[in-house]
Every structure is written in C-alpha cells, then in structure tokens.
Amino acid sequence: MEKLVIEGGHALKGEVRVSGSKNAALPVLAATLLTDDECVLRNIPRLRDTMTMVKLLRSLGKTIDIGKDSVTVSKGPSNHVAEYKLVSTMRGSFCVLGPLLAKLGKAKVSLPGGCVIGIRPVDLHIKGIKALGAKIDFDSGYVVASAHRLKGNHMYLGGGFGSSVLATANVMMAATLADGETIIESAACEPEIEDLANFLMAMGAKIKGKGTPQIAVQGVKKLHGANFRISSDRIEAGTFILLAAALRSNITIRETNFMHLLALLDKLEEAGMRFEKEYNLIRLKCSRHLKPTSITTFPYPGFPTDLQAQFMALMAMTPGVSVITDKVYPDRFIHIAELNRMGASIRREGSNAIVEGVKTLHGAPVMASDLRASSALIIAGLAAKGKTEIHRIYHLERGYENLDEKLATMGAKIYREKE
Ligand code: EPU
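The structure presented is a predicted model; accordingly, all values stated were derived computationally and were not measured. (Residues numbered from 1 in each chain as written. Predicted model: local features only at pLDDT ≥ 70, side-chain atom pairs only at ≥ 80, totals over all residues. Heavy atoms only, no water.)

## Focus on the packing of aromatic side chains
Under the defined criterion, the tally for this structure stands at 2 aromatic pairs. Here the aromatic rings of Phe199 and Phe228 are separated by 5.4 Å at their centres, their planes lie at 45 degrees, and the arrangement is tilted. Of this pair, Phe199 sits in helix α7 (residues 191–202) while Phe228 sits in strand β14 (residues 227–229), and the two are 29 residues apart along the sequence. Among the residues examined, Phe199 registers a relative accessible area of 0% and is labelled buried. Assessed through its relative accessible area of 10%, Phe228 is described here as buried. Each ring, one from Phe303 and one from Phe311, has its centre 5.3 Å from the other, and the planes form 80 degrees; the classification is edge-to-face. Residue classification places Phe311 among the buried positions, given a relative accessible area of 0%. Sitting above the plane of the Tyr142 ring, Lys108 keeps its charged end 5.1 Å from the centroid. (Phe/Tyr/Trp six-rings, centres within 6.5 Å; stacked < 30°, edge-to-face > 60°. Helix = DSSP H or I, 4+ residues; strand = E, 2+ residues; numbered from the N terminus. Buried < 20%, exposed > 50% of the residue type's maximum accessible area, 1.4 Å probe, protein only. Lys NZ or Arg CZ within 6 Å of the ring centre and 35° of its normal.)

The structure is reproduced here in structure tokens:
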C-alpha cells in the first residue's frame, strides 16, 4: 500500500487538463448492455471505478478492448447476474439493473449497501423500474427483476433528498427499450445524465428533456452501436479550482465547461475570487484575501455535494466563520476530524458544519475516508505549513486520474511512498 507525502506551501503555476468524467463514464459503460453492436467510447478516465465497471461488464458477457484512446465494447450481454463482489465495491455498478432488464428481460443485481458518506438506499431505482411493469423480488441481498417486456409509464422519481442521479439513469436506460412512452418527473438534471442521454440517442433512443426535471423517453425496438466521447469531469475541475484558490495560484484549467460549475464559481466570486471563462477553459484570478463564505449543497444546478469537502478545506484556512450544509448527503462529514487534526476548527451541528477559519493549517499524518475527502486533505496538505502524510489513498484512485502527477507538473511537492 502507498501513502501520499506532501510538502505544503508551494504555489502552483501553469495549466492542467481535466480528464473524462467518472460519473458520466459509469452509466455510459452500463448503457452498452442495451445493444449487441460495437460501441466505441473515448475520454473514459482510467480509474479504479471505471475498471471495476469494465470487469462487471465482462462478467455479464461483454467483450471489452481497452485501447490507448478508446474503449471498445462489443457482443451482447449473456449473463444477467451482477455479483456482490463487484457491486459491493462500487455503488455505480447498480446502474446495470435497468439496461440488463431491458435487454434480457431479467436481471439479478446485488444490493450495493451503505458507505461512509451515508446510508444511500436504492428505493427510487426500484420504484422506477417497478413503474415500468417489472416484477421485483429480493433474494439473499440481491434484487431480482423480470419483465417479458417493459411498458412505458408516467412516474414521479423524486425522493426525500431531491432527484437521484443513478435512479434517473437506470430508469432512462430501461425505458429506451420499453413499449410506449415513459415520462420521468423530478428527473436528475446533472450533466452526467445529459451525457448518458446523448449516448443513448446516438444509439437510436428517442429522448426529450435531458438536463431538465422532466425527461420523456419513447421506447424503440432495438438500439444500435455508437461512437461517443465522454464530457470532462466537472468535479475534478472544481477540485483544481479550489486547490488553486487555497494556494492563491493563478492556474489555467483546460478541457472544462464552466457552465457546469456555475454554483461553485458563484460562491468563489462571493469569496473574492475572479475568473476568466472561455470555451473549454477557466483562468483563475486569485485574491490574496478571501472572505468566509457559506454553502449548501443541492442536486444540480445547485452546489455539488462532491465538492463540499474540498470547499470546506478552503474555508478551514479562510479566517472568519462559514457554515457548510449538505442537503444531498447530510452525513458526509467524516473529513471534519481529519481537517481538525491539521489545525482546522470545525464542528458539526446536525447537517451543518460550522467552520471557524484559521490563518494557517499545519501538516499532519491523516487518513482518507472516501474519494472526495481524500482530495480535501490534499488541498489542506498543499496549503499547510510543513509535511502531511495521507494514508489509504486507494480512495483517490477510484475517481481522480493521475491527480498527484498532474499536481506535480504544476509545481506541487507531492509524492508517493510505500507505507
Ligand atoms: N437516494 C434515495 N433513494 C434512492 C437513491 C438515492 O433516497 O433510491 C438519496 C441518496 O441517499 C442521496 C440523494 O438521494 O441522499 C441523492 O443520491 P443520488 O442517487 O443522486 O446519488 P447516486 O446517483 O448514487 C451519484 C454520484 C455520487 C454523487 C451523487 C450526488 C455516481 C456514480 N455517483 O450517486 O458521486 O455524490 O450522485 O450528486 O454517479 C462521487 O463521485 O464521489 C460520488 C459519491
């Protein structure tokens, strides 16, 4: 096992290119189950999570060739069972349920279980798939779904925490091969759902309303293969922006769509940052002094929960009081204790974190608890005085492609050591 060692206090310079989106790549890979034809996918990030999805698709009978610039998926699915050992390591795997069921008429998919960011139920996935006429049973930790042919329906898919990204993905994929029209109300509006809809349409699906809370899918008999390029990762881009803000570094972020980051940019402008935004790039104009700024996370286009921990790291070193509230995952606060080990002053009150920003954080040995908490600790470590060691960095490899290498090319002092 490896740990990351960081020497804090070195400004960044230059530019960085953002990789393809993990959370767009996972459902797009799953959508290839809807056809026997060949699909060629570009800009798939090489990550532990995308490789887990590749393993899962192979276990379902797909043939996958990983080339230098593309991933080619061919053959139809021949097995309908998504095993516990793959689904339990990554919740994103659960979105094979909809396409498997639509293509084979049956699917047996392990329930994913909770994780450190919260309980994360799948009731909305099940509700949506049932609304399409599937019979659902639960058997020894698996969801067993069957339907001779799915039937379109008009459904409400909102839950207690708003829309669900992967439930929308699951139902939208299943509906592409259903009889008649499906209308999903309170659908997720995330750019990753738009990417998925674009891929499905390239495969011959009929979808209207992508990127809005009402998605209409007119079922077709068959989908065909397609070539598709995954959009860039807005969370990776946002992580670089927050990192550069913490180091007051005027870097340029390339291969990014600023329209997907408006909630973050708006909050950072409130804090005193300025940006030059062009097609495909963002240039940072950092202010020496930032103002404490409060955020509340919401489904898109609100402030993303996947940038909450990184924003907290920035506020932890911004003198004054800010309040951070997570309305998507109210328990996603495990990073507080680790940031406090580095000299931050943050306390949790229910689904709020009260951050009393300090002038400087100090390097310390810390433990990464999940993917986004890991990048929050990297932000804190790069800006802190002294040396930080981050343990359990395998979380980072799930979702950031070559993050430490990208940072090192901009001048960060960050390297890997054996534990
Ligand atoms: N929820 C339910 N019932 C459900 C599904 C979700 O109550 O059936 C709740 C969740 O517990 C949560 C809220 O609805 O409170 C939103 O969850 P959502 O279903 O949208 O999350 P997800 O689709 O499972 C994706 C991303 C997450 C990201 C969330 C929210 C992927 C593979 N994962 O998860 O990404 O945090 O949307 O934007 O797309 C990450 O990349 O670090 C990550 C955790």
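Having seen it, we continue.
## As for the sheet that holds strand β15 (residues 252–254)
Reading across the sheet, the 4 strands line up as β2-β15-β17-β16 and stay open at both edges, with mixed pairing between neighbours. Among the strands making up the open sheet, the edge pair consists of β2 (15–17) and β16 (274–278). Between one strand axis and the next, the sheet turns through 15 degrees on average, direction left out of account. Summarising the sheet, β16 and strand β17 (residues 281–285) pair through 5 bridges and their orientation is antiparallel. Bridging across to β17, Glu278 finds its partner in Leu281. Sheet strands touched by helix α8 (residues 234–246): β2, β15, β16 and β17. Its angle to β17, the strand with the most contacts, is close to 15 degrees. Running over the sheet, helix α9 (residues 262–271) touches β16 and β17 and is turned about 150 degrees from β16. (Pairing = 2+ DSSP bridges. Axes fitted to C-alpha atoms, helices over the stretch in contact; angles between N-to-C directions. Contact = heavy atoms within 4.5 Å.)

## Structural notes on the pairing of strand β7 (residues 106–110)
In terms of strand pairing, strand β6 (residues 81–82) meets β7 through 2 bridges, oriented parallel. When the bridges of β7 are listed, Ala82 appears paired with Val109. Bridge count for β7 against strand β9 (residues 142–146) is 5 bridges, and the pairing is antiparallel. Across the sheet, the residue bridging to Ala107 is Ala145, located in β9.

## Structural notes on the domain arrangement of the chain
Domain boundaries in the chain define domain 1 (2–19 + 232–418) and domain 2 (22–229). With centres defined by C-alpha atoms, the gap from domain 1 to domain 2 works out at 30 Å. Opposite the 27 residues of domain 1 that make contact, domain 2 presents 22 residues. Between domain 1 and domain 2, a total of about 2,000 Å² is buried, with carbon and sulfur atoms accounting for 51% of that surface. Of all residues in domain 1, Tyr300, Tyr329 and Arg398 give up the largest surface area on contact with domain 2, accounting jointly for 29% of the area buried on that side. (Domains from an automatic or database assignment. Buried area = accessible area lost by both parts, 1.4 Å probe.)

## Thoughts on the packing of helix α1 (residues 22–31) against α7
Two numbers describe a pair of packed helices, the interaxial angle and the distance between the axes. The contact between α1 and α7 brings their axes to 8 Å, and the two run at 30 degrees. Considered as vectors, α1 and α7 are oriented roughly parallel to each other. Of the two elements, α1 crosses α7, and the hand of that crossing is right-handed. Mapping the contact onto sequence places Asn23, Ala24, Pro27, Val28 and Ala31 in α1 and Glu192, Asp195, Leu196, Phe199 and Leu200 in α7. Its residues assigned to classes, the contact of α1 with α7 shows 7 nonpolar, 1 polar and 2 charged. (Parallel < 35°, antiparallel > 145°, perpendicular 65-115°, else oblique. Left-handed = near helix turned anticlockwise from the far one by under 90°. Nonpolar A, V, L, I, M, F, W, Y, C, P; charged D, E, K, R; others polar.)

## Topic: the pattern of salt bridges
Under the definition given, this model contains 24 salt bridges. The residue Lys267 makes a salt bridge to Glu270 at a minimum N-O spacing of 3.2 Å. Taken together, the positions of Lys267 and Glu270, both in helix α9 and 3 residues apart, correspond to about one turn of that helix. The exposure class assigned to Glu270 is partly exposed, which follows from its relative accessible area of 40%. Here Glu356 ties to Arg347 by a salt bridge, and the two come within 3.1 Å at their closest N and O atoms. Under the relative-accessibility criterion, Glu356 is labelled partly exposed at 37%. (Salt bridge = Lys/Arg side-chain N within 4 Å of Asp/Glu carboxyl O.)

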